[in-house]
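# Structure assessment
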Amino acid sequence: MAAPVDLELKKAFSELQVKMIDTQQKVKLADLQIDQLTRVQKLAKVTHKEISTLSDDTPLYEGVGRMFILQSKEEINDQLTDKQKTAQEKIKELEQKKVYLERSVKEAEDNIREMLLSRRAH
């Protein structure tokens, strides 16, 4: 009679373990994406700062693939501002996703501990 319970616990334990590993990988991926977006945001901020020191009649070029396109200072500033806002929004979304995933990992760990404690109690 004890063997089926052990198999059931073993199966549930392995499922929880797989879920926990998968969730931890998703958290690491979210961290990497947040780091990358933070770099994009900082680069846009520094570029915006440098461009603001230039005079309005300075020709500015935007790199597009293997060519450069002449654009006004205002257009480039608008693009950089949009890039910063987009990165900030994505970072906020990823932070929320990360919090949810970390909570999920904690719940999985708690379930594994609870399962082990109940197994030892029997």
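Rules used in this analysis
- Residues numbered from 1 in each chain as written.
- Predicted model: local features only at pLDDT ≥ 70, side-chain atom pairs only at ≥ 80, totals over all residues.
- Heavy atoms only, no water.
- Core = buried A, V, L, I, M, F, W, Y, C linked by side-chain atoms within 4.5 Å.
- Buried < 20%, exposed > 50% of the residue type's maximum accessible area, 1.4 Å probe, protein only.
- Helix = DSSP H or I, 4+ residues; strand = E, 2+ residues; numbered from the N terminus.
- Contact = heavy atoms within 4.5 Å.
- pLDDT = per-residue confidence, 0-100.
- Patch = residues over 30% accessible without salt bridge, like charges linked within 9 Å, V, L, I, M, F, W, Y side chains within 5 Å.
- Areas by Shrake-Rupley, 256 points an atom, 1.4 Å probe, with all protein chains shown as cover.
- Salt bridge = Lys/Arg side-chain N within 4 Å of Asp/Glu carboxyl O.
- Lys, Arg positive; Asp, Glu negative; His and termini not counted.
- Charge placed at Lys NZ, Arg CZ, Asp CG, Glu CD.

The subject of this paragraph is the nonpolar core. If you look at the biggest cluster of nonpolar residues, it comprises 7 residues: Leu 9, Leu 16, Met 20, Val 105, Ala 108, Ile 112 and Met 115. Secondary structure elements with two or more residues in this core: helix H1 (2-52) and helix H2 (73-121). No other element matches H2, which puts 4 residues into this core. Those residues within four positions of Leu 9 in sequence are excluded, and the remaining contacts are Met 115 and Arg 119.

Caution applies to low-pLDDT regions: their predicted coordinates should not be interpreted in detail. On average, residues of the protein carry a pLDDT of 88, and 95% of them reach 70 or more. When pLDDT is averaged over each element of the protein, strand E2 (residues 67-71) comes out on top at 94 and H1 at the bottom at 87.

Okay, a negative patch on the surface next. On the surface, Glu 74, Glu 75, Asp 78 and Asp 82 cluster together into a patch of negative charge. Secondary-structure assignment places Glu 74 in helix H2.

It is worth spelling out the pattern of salt bridges at this point. Across all of its chains, the model carries 5 salt bridges by this definition. In this structure, the salt-bridge partner of Asp 56 is Lys 73, at a minimum N-O distance of 3.4 Å. Of the two residues, Asp 56 is situated in the loop between H1 and strand E1 (60-64) and Lys 73 in helix H2; the sequence distance between them amounts to 17 residues. Look at Asp 56 and you get exposed, because its relative accessible area is 67%. One network of salt bridges, in which partners are shared, links Lys 106, Asp 110 and Arg 113.

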